[in-house]
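Residues per chain are reported as follows:
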Amino acid sequence: MAVAQAELAVANAFDGAGTGVLDYRYLPHVTFTSPAAAGVGLTEEQARESGRPYEVRVLPLAHIGRTMVSRRPHGMVKLVSDGETDRLLGVHIVGDEAGEIIVAATYALEAGFTVARLARTWSPFLTMGESLKIAAQQPATEPA
């Protein structure tokens, strides 16, 4: 983020006459604890506070083949989506490799994926990235 801010400051100072801005809507974050915590986009609480209909899908990582093989099943993936359009609004992960998984989630948010599209996206078997697809295939746990 610091590099992006510095590049924008230079561009604004010399090239853009102060017209450039950064979009922080899909800025991912990672906390390197054990297990790690990562997120991008709206949290469930932010969606609730917005007053718009939303849905939540939660997948315990114990249901992912990779965590079974590695014997580190602790954590979960949470998807927050618009209750009317199905558009993905946020992804939050607690678990091993959360920082790696959040990269794919950031791309999905930036591209405007719906939960249905994420559920149909190809994902290699026995990877942690597969957790996003499987989470999208889960039924919503929050009423719209």
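A short tour of the structure in this document, coming up.

Basis of the calculations
Residues numbered from 1 in each chain as written. Predicted model: local features only at pLDDT ≥ 70, side-chain atom pairs only at ≥ 80, totals over all residues. Heavy atoms only, no water. Pairing = 2+ DSSP bridges. Helix = DSSP H or I, 4+ residues; strand = E, 2+ residues; numbered from the N terminus. Axes fitted to C-alpha atoms, helices over the stretch in contact; angles between N-to-C directions. Salt bridge = Lys/Arg side-chain N within 4 Å of Asp/Glu carboxyl O. Buried < 20%, exposed > 50% of the residue type's maximum accessible area, 1.4 Å probe, protein only. Core = buried A, V, L, I, M, F, W, Y, C linked by side-chain atoms within 4.5 Å. Contact = heavy atoms within 4.5 Å.

**A short note on the sheet that holds strand E4 (residues 76-82)**
Right, on to step 1. Strand order in the open sheet made by the five strands is E1-E2-E5-E4-E3, with antiparallel pairing throughout. Since the sheet does not close on itself, it has two edges, and those belong to strand E1 (29-31) and strand E3 (54-60), each with one partner. Neighbour-to-neighbour, the strand axes of this sheet turn through a mean angle of 10°, independent of strand direction.
Right, on to step 2. By the bridge criterion, seven bridges tie E3 to E4 in an arrangement that is antiparallel. Residue pairing across strands places Val58 opposite Lys78, the latter belonging to E4.

**Observations concerning the pattern of salt bridges**
Proximity of charged atoms lets side chains of opposite charge pair with each other.
Right, on to step 1. Tallying each qualifying case throughout the model produces five salt bridges.
Right, on to step 2. The partner of Glu44 in a salt bridge is Arg48, with the nearest N and O atoms 3.4 Å apart. With a gap of four residues between them, Glu44 and Arg48 both fall in helix H2 (residues 44-50), about one helical turn apart.
Right, on to step 3. A relative accessible area of 10% means that Glu44 is categorised as buried.
Right, on to step 4. Look at Arg48 and you get partly exposed, because its relative accessible area is 44%.
Right, on to step 5. With a closest N to O distance of 2.7 Å, Lys78 and Glu44 form a salt bridge. With Lys78 in strand E4 and Glu44 in helix H2, this pair connects stretches of sequence that are 34 residues apart. In terms of burial, Lys78 and Glu44 fall into one category: buried.

**As for the nonpolar core**
When a protein is soluble and globular, its nonpolar side chains tend to lie buried together.
Right, on to step 1. Counting residues in hydrophobic clusters, the biggest one holds 27 residues, and the most contacted among them are Val77, Leu79, Leu88, Val91 and Leu132.
Right, on to step 2. If you list the elements that add at least two residues to this core, you get strand E2 (37-41), E4, strand E5 (88-94), helix H4 (98-110), helix H5 (115-120) and helix H6 (130-136).
Right, on to step 3. For this core, the element with the highest residue contribution is H4, accounting for six residues.
Right, on to step 4. Contacts of Leu79, omitting those with residues within four sequence positions, involve Glu55, Val56, Arg57, Leu88, Gly90, Val91, Leu118, Leu132, Ala135 and Ala136.
Right, on to step 5. In this structure, Ala47, Tyr54, Val80 and Leu89 belong to the second largest nonpolar core, which totals five residues.

**Here we look at unusual backbone geometry**
Right, on to step 1. Cis rather than trans, the peptide bond between Ser34 and Pro35 has omega equal to 5°.
Right, on to step 2. Structurally, the position occupied by Pro35 is in the loop between E1 and E2.
Right, on to step 3. We note that Asp86 has phi near 70°; this positive angle belongs to a residue other than glycine.
Right, on to step 4. Looking at where Asp86 falls in the secondary structure, it is placed in the loop between E4 and E5.
Right, on to step 5. Of note, Glu97 is a non-glycine position whose phi angle comes to about 65°, a positive value.
Right, on to step 6. Relative to the elements of secondary structure, Glu97 occurs in the loop between E5 and H4.
Right, on to step 7. Residue class for Glu97 comes out partly exposed when judged on its relative accessible area of 39%.

**Describing the environment of Phe14**
Right, on to step 1. Mapped onto the secondary structure, Phe14 falls in helix H1 (residues 2-14).
Right, on to step 2. For Phe14 and Val69, which are 55 residues apart along the polypeptide, the C-alpha to C-alpha distance reads 53 Å.

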